[in-house]
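Given next are the chains, with one letter for each unit.
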Amino acid sequence: MAKVTMPLMSGTASGKIGDAIVFFGWKGINVVRGFVIPANPQSGDQGDQRQILGGVGRACGAVKKTSEYEGQLNTLGLIPAGQTKQSYLVKKIIDTYMATPVAFEAIYTEFEAHSAKADFTSDAASIGLADVNIAYKSTAHAFSKGMQLYVLAKVAIALAFTGSPYTTALASWTGTEITALLADLAAA
């Protein structure tokens, strides 16, 4: 229901009339326009993007403030001025490893073949990571919690983090290296 106010020869209106028109103020000007319901196509491509962004975002959320992982990012001077560690990591991971659904599936295949897959999965659950699975995606697989932790390890090695466990090739990681990664993700 639109609300109309009429003080001394100047009228204003706000709200909507049915699903036809909307009245509102914008930068001090009274505006009226057609009512538009935003589109949410839930296409396969949109599902892929939401799944990748959701999984990477959750993974990066596991990097706590004042953690050793964040410390390495700062020490190496990787986070650009005006950007947070979260936004830097999300962009880096997506641009480097998951720019397309095909690239996502390649990382999925790499993770599935890893000998410590079960350790990645159980340790990811212990820090609160959860699977991301968008029903209308076109990719064949969910972004599992273990894969989220795996991607954090993969990007840390690619960014040349120093010390253990990052000096060990990711293909050789065992539960020991994954435990060390979890310690680095925790707040100091």
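In the block above lies the structure referred to throughout.
Residue indices follow the written sequence of each chain, beginning from 1 at its first position. Under the rules for a predicted model, residues below a pLDDT of 70 receive no local features and side-chain atom pairs below 80 are neither given nor counted, while totals for whole chains, interfaces and linings still include all residues. Think of the side-chain values as coming from all heavy atoms in the structure, minus any hydrogens and water.

Enquirer: Explanation requested: the pattern of salt bridges in the structure shown.
Expert: Where charged atoms of side chains with opposite charge meet at close range, the side chains can pair. A carboxyl oxygen of Asp or Glu within 4 Å of a side-chain nitrogen of Lys or Arg is what we treat as a salt bridge. Evaluated as defined, the whole model comprises five salt bridges. The shortest N-O distance in the salt bridge between Lys-16 and Asp-19 comes to 3.0 Å. Close ionic contact of Lys-117 with Glu-112 constitutes a salt bridge, the shortest N to O distance being 2.7 Å. Per-residue accessibility, obtained with a 1.4 Å probe over protein chains only, is compared with the maximum for each type, and a residue is labelled buried under 20%, exposed over 50%, and partly exposed between these values. With relative accessibility at 28%, the residue Lys-117 sits in the partly exposed group. According to the relative accessible area criterion, Glu-112 is partly exposed, its value standing at 30%.

Enquirer: Mind showing me how you'd approach the packing of aromatic side chains here?
Expert: Geometry of an aromatic ring pair is reported as the spacing of the ring centres plus the angle between the planes. Stacked, edge-to-face and tilted labels apply to pairs of Phe, Tyr and Trp rings (six-membered ring for Trp) whose centres lie within 6.5 Å, assigned for plane angles under 30 degrees, over 60, and everything in between, in that order. Following the criterion strictly, the structure yields eight aromatic pairs and no others. Taking 6.2 Å as the distance between ring centres and 70 degrees as the angle between the ring planes, the aromatic pair formed by Phe-111 and Phe-120 counts as edge-to-face. Considered together, Phe-111 and Phe-120 belong to a single accessibility category, that of buried residues. Taken together, the ring pairs in this structure connect Tyr-69, Phe-111, Phe-120, Tyr-150, Phe-161, Tyr-166 and Trp-173 into an aromatic cluster.

Enquirer: What am I meant to see in the nonpolar core here?
Expert: Among soluble globular proteins, nonpolar side chains are generally buried collectively. Among buried residues, those of type Ala, Val, Leu, Ile, Met, Phe, Trp, Tyr and Cys that are joined through side-chain atoms within 4.5 Å constitute a nonpolar core. With 43 residues, the main nonpolar core has Val-56, Tyr-69, Met-98, Phe-120 and Leu-149 as its most contacted residues. In terms of residues, this core owes the most to one element, helix 6 (residues 145–158), which gives eight residues. Working rule for contacts: check all heavy atoms of both residues, and any pair within 4.5 Å makes them a contact. If sequence neighbours within four positions are ignored, Tyr-69 has contacts with Val-63, Leu-89, Leu-152, Val-155, Ala-156, Phe-161, Tyr-166, Leu-181, Asp-184 and Leu-185. Counting from the N terminus, the helices are the DSSP runs of H or I reaching at least four residues and the strands are the DSSP runs of E reaching at least two.

Enquirer: I tried to follow a nonpolar patch on the surface on my own but got confused; where do I start?
Expert: To count toward a patch, a residue needs a relative accessible area over 30% and no salt bridge; like charges are then connected within 9 Å, while nonpolar side chains (Val, Leu, Ile, Met, Phe, Trp, Tyr) are connected within 5 Å. In these tables, accessible area is a Shrake-Rupley quantity obtained with a 1.4 Å probe, and a residue counts as shielded only by the protein chains included in the view. Taken together, the side chains of Ile-17, Ile-21 and Val-32 present a nonpolar region at the surface, about 230 Å² in accessible area. With respect to the element layout, Val-32 can be found in strand 4 (residues 29–34). Here Val-32 falls in the partly exposed class, since its relative accessible area comes to 47%.

Enquirer: Teacher, can you tell me more about the packing of helix 4 (residues 101–112) against helix 6 here?
Expert: Packed helices, taken two at a time, are described by their axes: the angle between them and the distance between them. The interhelical angle for the contact between helix 4 and helix 6, taken along N-to-C directions, is 95 degrees, at an axis separation of 10 Å. Judged by the angle between their axes, helix 4 and helix 6 are roughly perpendicular. Contact residues: Phe-104, Ile-107, Tyr-108, Glu-110 and Phe-111 in helix 4; Gly-146, Met-147, Tyr-150, Val-151 and Lys-154 in helix 6. Residues belonging to the contact of helix 4 with helix 6 are distributed by class as follows: seven nonpolar, one polar and two charged. Each axis is a line fitted through C-alpha atoms, and for a helix only the stretch in contact is used; angles between axes span 0 to 180 degrees, taken between their N-to-C directions. For classification purposes, an angle smaller than 35 degrees is called roughly parallel, one larger than 145 roughly antiparallel, one from 65 to 115 roughly perpendicular, and anything else oblique. For this scheme, ten residues count as nonpolar: Ala, Val, Leu, Ile, Met, Phe, Trp, Tyr, Cys and Pro. Four count as charged, namely Asp, Glu, Lys and Arg, and the remainder, Gly too, count as polar.

All quantities given are derived from atomic positions and should not be read as evidence of function.
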